[in-house]
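# Notes for the structure review
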Amino acid sequence: MTTDILKTSRDWAQTAHQGWILVVDDHPLFCDALELTLRSVMPGVNVKTADTMERALQLLAEDPHPRLVALDLNLPDVAGVDGVIEITRAAGDAPVLVVSSMDDARMVSSVLAAGASGFVPKHSPRAKLEEAINAIASGQTYKPESFNDPKADAVNDAVARLSDLTAQQSRILQLICEGKLNKQIAFDLSIAETTVKAHVTAIMRKLGVHSRTQAVLVSQKAQFSSILPEG
């Protein structure tokens, strides 16, 4: 198994000169350990690191074609599913592998619904990270062995729909949630009110709702606090 994993991962890394891997984690020791693990699994791969979402987005803006993004869920400037949605949008077609200690089944399910290609608990041995890379390199979705997928619920459905919004649509939805009218949103974003109306129409279509109030309710269902483990 390990030999096959390393072969697939190294084959994937042979074109590393055409891309790079981004590690996003604010814990220096773990970030360094993950970088070393990736380099051992995929010799010669170019690894860049970021300790905040802001820095990660800067790196992606400079070079928008990573081969893989390894993301922690708890960063200083964003947490949980919100971070997954942001990074998957910025990373384009690159797969996102979440590596986090927040491995409650409902969290894992929501992260995958938000567009992540895999989830590895932080306490996992290196072999599990290798398995995840192998699965993702083969176009599969990687889930922890202990993961029991809960039935699809309103939270996962809301997360999946919200992840389909563009960055501008997400900003407009946030302002709608703050109770702002189209005219106020247009002023805040320095765009025409007609443009705001067009975005609002698109937002409601993507969320499958018929009113601003319903759009707010969908957004509230997907809030990070609503998918934290109980207790």
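Per an unreviewed UniProt entry, the recorded name for the protein is DNA-binding response regulator, and the organism is Roseobacter cerasinus.

### Things to note about the UniProt feature "modified residue: 4-aspartylphosphate" (unreviewed entry) in the protein
As recorded in UniProt, the feature "modified residue: 4-aspartylphosphate" (unreviewed entry) lies at Asp-72. Here Asp-72 is to be found in the loop between β3 (68–71) and β4 (74–75). Excluding anything up to four places from it in sequence, Asp-72 contacts Val-24, Asp-25, Asp-26, His-27, Val-99, Ser-100 and Lys-122.

### Here we look at the environment of Glu-178
Residue position: Glu-178 is located in the loop between α8 (167–177) and α9 (182–189). A relative accessible area of 48% means that Glu-178 is categorised as partly exposed. A sequence separation of 38 residues divides Glu-178 from Val-216, and the C-alpha atoms of the two residues are 9.2 Å apart.

### So, the environment of Thr-201
Mapped onto the secondary structure, Thr-201 falls in helix α10 (residues 193–207). Under the relative-accessibility criterion, Thr-201 is labelled partly exposed at 48%.

### As for the pairing of strand β1 (residues 21–24)
The alternating pattern of β1 places Ile-21 and Val-23 and Leu-22 and Val-24 on opposite faces, both of which are buried. Of the pairings in the sheet, the one linking β1 to strand β2 (residues 47–50) comprises four bridges and is parallel in character. Of the residues in β2, the one forming a bridge with Val-24 is Ala-50. Taken together, β1, helix α2 (residues 28–41) and β2 constitute a β-α-β crossover, and its handedness is right-handed. Looking at chain direction, β1 and β3 are connected through four bridges and run parallel. Counted as the bridge partner of Ile-21 is Leu-68 from β3.

### Quick word on the sheet that holds β3
Read from one edge to the other, the open sheet built from five strands follows the order β2-β1-β3-β6-β7, with strand pairing classed as parallel. Unpaired on one side and paired on the other, β2 and β7 (118–121) mark the two borders of the sheet. On average, each strand axis in the sheet is inclined to that of its neighbour by 20°, with strand direction left out of account. This element, α2, spans β1, β2, β3 and β6 (96–100) of the sheet and lies at about 165° to β2. Sheet strands touched by helix α4 (residues 81–91): β3 and β6. Its angle to β3, the strand with the most contacts, is close to 165°.

### Quick word on the packing of aromatic side chains
Per the stated rule, a full pass over the model turns up zero aromatic pairs. For Lys-48, the ring lying beneath its charged end belongs to Trp-20, and the centroid distance is 4.5 Å. A cation over a ring is seen here: Lys-122 above Phe-30, with NZ or CZ 4.4 Å from the ring centre.

### What to know about unusual backbone geometry
Not every positive phi belongs to a glycine, and Ser-190 is a case in point at roughly 60°. With respect to the helices and strands, the residue Ser-190 is situated in the loop between α9 and α10.

What counts and how
Residues numbered from 1 in each chain as written. Predicted model: local features only at pLDDT ≥ 70, side-chain atom pairs only at ≥ 80, totals over all residues. Heavy atoms only, no water. UniProt positions renumbered as here; feature names shortened; annotations may be inferred. Helix = DSSP H or I, 4+ residues; strand = E, 2+ residues; numbered from the N terminus. Contact = heavy atoms within 4.5 Å. Buried < 20%, exposed > 50% of the residue type's maximum accessible area, 1.4 Å probe, protein only. Pairing = 2+ DSSP bridges. Right-handed = clockwise from strand over helix to strand, strands pointing away. Axes fitted to C-alpha atoms, helices over the stretch in contact; angles between N-to-C directions. Phe/Tyr/Trp six-rings, centres within 6.5 Å; stacked < 30°, edge-to-face > 60°. Lys NZ or Arg CZ within 6 Å of the ring centre and 35° of its normal.

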